[in-house]
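Chain and residue survey
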Amino acid sequence: MGLADFTLKRLAPAAGATTLAAWAGMTTLNDDWDDYLHSSSATSSDNAGGEPEKIVILGSGWAALSALRKCAASNKSVVVVSPRPHFLYTPLLASSSVGTITLRSACEPLRALVESAATKATSATFVRADAREIDVANKKVRATTDSDGMELELSYDKLVIAVGAQPNTFGIPGVQEHGLFLKEAEDSAKLHARLLSNLEKAAALNHQGDKYRAEIDRLLKIVVVGGGPTGVELSAELADFAHNDVAKRYGTDISNRIQIILVEAMPRILAPFDESLANVAKDHLISKGVDVRTGTAVTYVESADVTLAPSTPRNATPEQKSAAAAAAQSEEMGALVWAAGIGARPLVKKLAKSLGQKDMRGLQVDETLKVKGTDGVYAIGDAALSGFAPTAQVAAQQGKHIGRSIRDGMDSKFQYNHAGSLCCLGSDNGIAQLLAPAGSTSFNVWDALGTQAIGKNGDERALTGKPAFVLWRSLYWTKLLSTSSRISLGSDWMRAKLHGRDVVEPVLKRAATLRQPVESFGTELKRNHTIRLVNKTEALATDPVDGKKKKRFWLF
Ligand code: FAD
Ligand code: NAD
């Protein structure tokens, strides 16, 4: 058999079969077969169905995009309304805030997705605006544009509310003003900037001897509030950052003084996980030097300090409350990250109120995800009170379900398939709680992997350490929306492994340093004879152009 013959008869079919199998495997696993069956051209049945159905989707997150991808079909006119023109891959937020990855890898521009939807639907448009009001009686949505506050009105036949949720401060004084958050891309950039800025300040003060010891300790104290998955993943990333990158770039003199405090009001961290796994995570954090304080609640926040008190049960007596208040203590800190849970957005609360709902945590939906008391309005993801956890997994499945219901013109009961829960504990560590069918006596891959049976009925499996970390990374990598993001994330991970985390302060508007220390690095300022800091009054000189007093520094 000649080479050409061999290629044609053996290699080509084998390659074809492998490609087909991989394609089938991927699409089956992804539950996206219908994308291929419903990819007919937009114009095929437009006229047959009369006026296209007007679909308005509010949001551009997990739930909204899954709905968009499925509902885009002929005879549908789809409008996506969101202030955010990108999709945010939230599981990567914690690692982006310490520079393990760049925000580029976690943000997916919406253009390609909307353009792809437009090839399947009669039309698909993205509008950058904030939905402010929903008039369910007249089927209208009012929205304001981000930039100049223009008001828009959108009419719909079907409305999908997928606006997610926002950080819940529980009305605790000072949190909104002084806390940092981890919900949006800009939160991560702000946190990264604060960490690096505090490190630079601490390093600068450290050159000035023991005088600023207390201030350095304050700058290097990070309080993470909330021992849910967000707070735990962030604390683990912070600890890795301190031990590896800060030690390497700023020296152990600085890294050894970093304090990470994880505060959790409940008796244990990671409520969604089995207690045995939560303990593994807690032990790991403690081994990395994180100060895990359970049964402790944040009660007051100021710009540079936080008040912590023993937490009290919801039905606490006045005596218990005053005992907790008496035991409250303030601590100075350099950054406080509020990861204490989520609450409904104003738009959702407003609609819930107008529908006469008592519970304001989200929109009450029936089993088909239709908002109770409305016609043609659906709520999905974190905006809905559907009885499922506010996770990306739930939001994405609900989005697909609603997208299909709209596409097929038929409401049906939503069924959630839980694949398991994963939590990343920084480099090379993690925990996973995975579903394993109970009662199976035949060969079980989980037994082969040596996993422990956990959960109420023993039908779940625990995976910890490096295998859980590898699972977390591979799963979240494959679930990214585009090849471009996969390449970007892969190279971020590689860069972090080879050269350490990114320590370039994100470009954010920030106030100039008005008093000492002057942030600098390299040779200490006082040993450098080319720079002299002159006092403020001396430095003020009249600008020859505008006549204003300007601050100047002299270089010799
Ligand atoms: P979102 O993804 O928050 O999207 C809401 C969208 O609505 C956004 O585009 C927003 O801009 C838009 N919007 C807001 N207000 C308006 C308005 N007025 N009008 C129009 N649009 C509006 N879940 C997991 O399952 N696994 C994880 O590993 C995981 N990790 C997480 C890590 C972090 C740091 C965080 C914060 C969450 C994590 N979650 C995870 C939870 C998950 O991100 C949420 O459950 C999920 O984002 C909910 O999807 P959603 O579409 O309902 O809301
Ligand atoms: P959460 O609601 O799960 O946890 C918040 C924690 O903060 C709670 O344990 C609560 O007791 C604590 N808390 C509240 N007020 C407090 C106070 N004043 N002082 C101290 N502690 C306080 O919030 P989250 O971790 O942001 O998670 C939100 C959702 O996103 C959850 O559904 C979670 O499962 C999901 N998520 C999943 C992953 C993952 O799967 N890896 C990662 C992040 C988030």
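These lines cover the structure that appears in this document, whether it is placed above or below. Only a predicted model underlies this, so the values are computations on that prediction, with no experimental measurement involved. (Residues numbered from 1 in each chain as written. Chains lettered and ligands numbered in written order. Predicted model: local features only at pLDDT ≥ 70, side-chain atom pairs only at ≥ 80, totals over all residues. Heavy atoms only, no water.)

Regarding the pattern of salt bridges
For clarity, the threshold we go by: Only one rule defines a salt bridge in this text: a Lys or Arg side-chain nitrogen within 4 Å of an Asp or Glu carboxyl oxygen. Helix and strand assignments follow DSSP, with helices taken as H or I runs no shorter than four residues and strands as E runs no shorter than two, numbered in order from the N terminus. Each residue's exposure class comes from its accessible area (1.4 Å probe, protein chains only) as a fraction of the maximum for that residue type: buried when under 20%, exposed when over 50%, partly exposed otherwise.
Scanning the model with the defined rule gives 24 salt bridges in all. Notably, a salt bridge pairs E184 with R84, separated by 2.8 Å at the nearest N-O pair. Placement of the pair is E184 in the loop between β10 (180-181) and α8 (185-206) and R84 in the loop between β2 (76-82) and β3 (86-88), with a sequence separation of 100 residues. The partner of D492 in a salt bridge is R495, with the nearest N and O atoms 3.8 Å apart. Of the two residues, D492 and R495 are both situated in helix α18 (residues 483-499); the distance of three residues between them amounts to about one turn of the helix. Overall, the relative accessible area of 6% leaves D492 in the buried class. Overall, the relative accessible area of 25% leaves R495 in the partly exposed class. A cluster of three or more residues bridged by salt bridges with shared partners is formed by E237, D240, D245, K288 and R501.

Concerning helix α14 (residues 346-354)
Stated formally: What the arc describes is the spread of directions from the helix axis to the C-beta atoms. Any two residues whose heavy atoms approach within 4.5 Å are treated as being in contact.
Looking only at α14, the buried set comprises L347, V348, L351 and A352. Down the axis, α14 shows its buried residues gathered within 130° of arc, on one side only. Exposed side of α14, more than 90 degrees from the buried face: P346, K353 and S354 are the residues found there. Of the surrounding secondary structure, the elements contacted by the buried residues of α14 are β1 (53-58), β5 (123-135), β8 (158-161), β18 (342-344) and β19 (363-364). Phi turns positive one or two residues past the end of α14, at G356, with a value near 80°.

Description of the sheet that holds strand β14 (residues 296-301)
The following threshold applies: Only strands joined by at least two bridges in the DSSP assignment are considered to pair. For every element, the axis is a line fit to its C-alpha atoms; helices are fit only across the contacting stretch, and the angle between N-to-C directions ranges from 0 to 180 degrees.
What the three strands build is an open sheet, ordered β14-β15-β16; its pairing is antiparallel. A single partner strand is all that each edge strand has here, and the edge strands are β14 and β16 (329-332). Neighbour-to-neighbour, the strand axes of this sheet turn through a mean angle of 35°, independent of strand direction.

Focus on the packing of helix α17 (residues 465-478) against α18
Operational definition: Relative orientations are named as follows: roughly parallel for angles under 35 degrees, roughly antiparallel for angles over 145 degrees, roughly perpendicular for angles from 65 to 115 degrees, and oblique for any other angle. In this count, Pro and Cys sit with the nonpolar residues alongside Ala, Val, Leu, Ile, Met, Phe, Trp and Tyr, while Asp, Glu, Lys and Arg are called charged and the others, Gly among them, polar.
For the pair α17 and α18, the least separation of the axes is 10 Å and the interaxial angle reads 150°. Judged by the inter-axis angle, α17 sits roughly antiparallel to α18. Contacts between α17 and α18 involve W472, R473, W477 and T478 on the former and, on the latter, R486, L489, G490 and W493. Across the contact of α17 with α18, the residue classes break down as four nonpolar, two polar and two charged.

A closer look at the environment of D157
When you line up the elements, D157 lands in the loop between β7 (151-155) and β8. For D157, a relative accessible area of 30% corresponds to the partly exposed category. When the C-alpha atoms of D157 and I55 are compared, they prove to be 6.1 Å apart, with 102 residues separating the residues in sequence. Apart from the residues within four sequence positions on either side, D157 is in contact with P52, E53, K54, K139 and G376.

A word on the environment of G381
Considering the arrangement of structural elements, one finds G381 in the loop between β20 (377-379) and β21 (384-385). Through-space distance from the C-alpha of G381 to that of G399 is 7.4 Å; in sequence the pair is 18 residues apart.

A look at the site of ligand 2
Note the cut-off: It suffices for a single heavy atom of a residue to lie within 4 Å of a molecule or strand for the residue to be listed as near it. Residues adjacent in sequence count toward polar contacts only when both atoms are side-chain atoms; beyond that, a polar contact is any pair of N or O atoms within 3.5 Å, and within protein one must be able to donate a hydrogen and the other to accept it. What sets the accessible areas is the Shrake-Rupley method with a 1.4 Å probe; for residues, cover comes only from the shown protein chains.
Inspection of the region around ligand 2 gives 24 residues, with T230, E233, E264, P390 and L422 positioned closest. For ligand 2, a nitrogen atom lies 2.6 Å from a polar atom in the backbone of L422. Summarising the interface, the protein chains cover 77% of the accessible area of ligand 2, which totals 840 Å² for the free molecule. Of the residues assigned to the shell around ligand 2, the class counts are 15 nonpolar, seven polar and two charged.

So, the nonpolar core
The following threshold applies: Side-chain atoms within 4.5 Å link the members of a nonpolar core, which is a set of buried Ala, Val, Leu, Ile, Met, Phe, Trp, Tyr and Cys residues.
Grouped together as the largest cluster of nonpolar side chains are 120 residues, with contacts concentrated most on I57, L58, I134, L159, I161, L199 and L270. Among residues more than four places away in sequence, those in contact with I57 are A64, A67, L68, C71, V78, V79, V80, V81 and V160. Grouped together as the second largest cluster of nonpolar side chains are 14 residues, F181, V223, I261 and L308 included.

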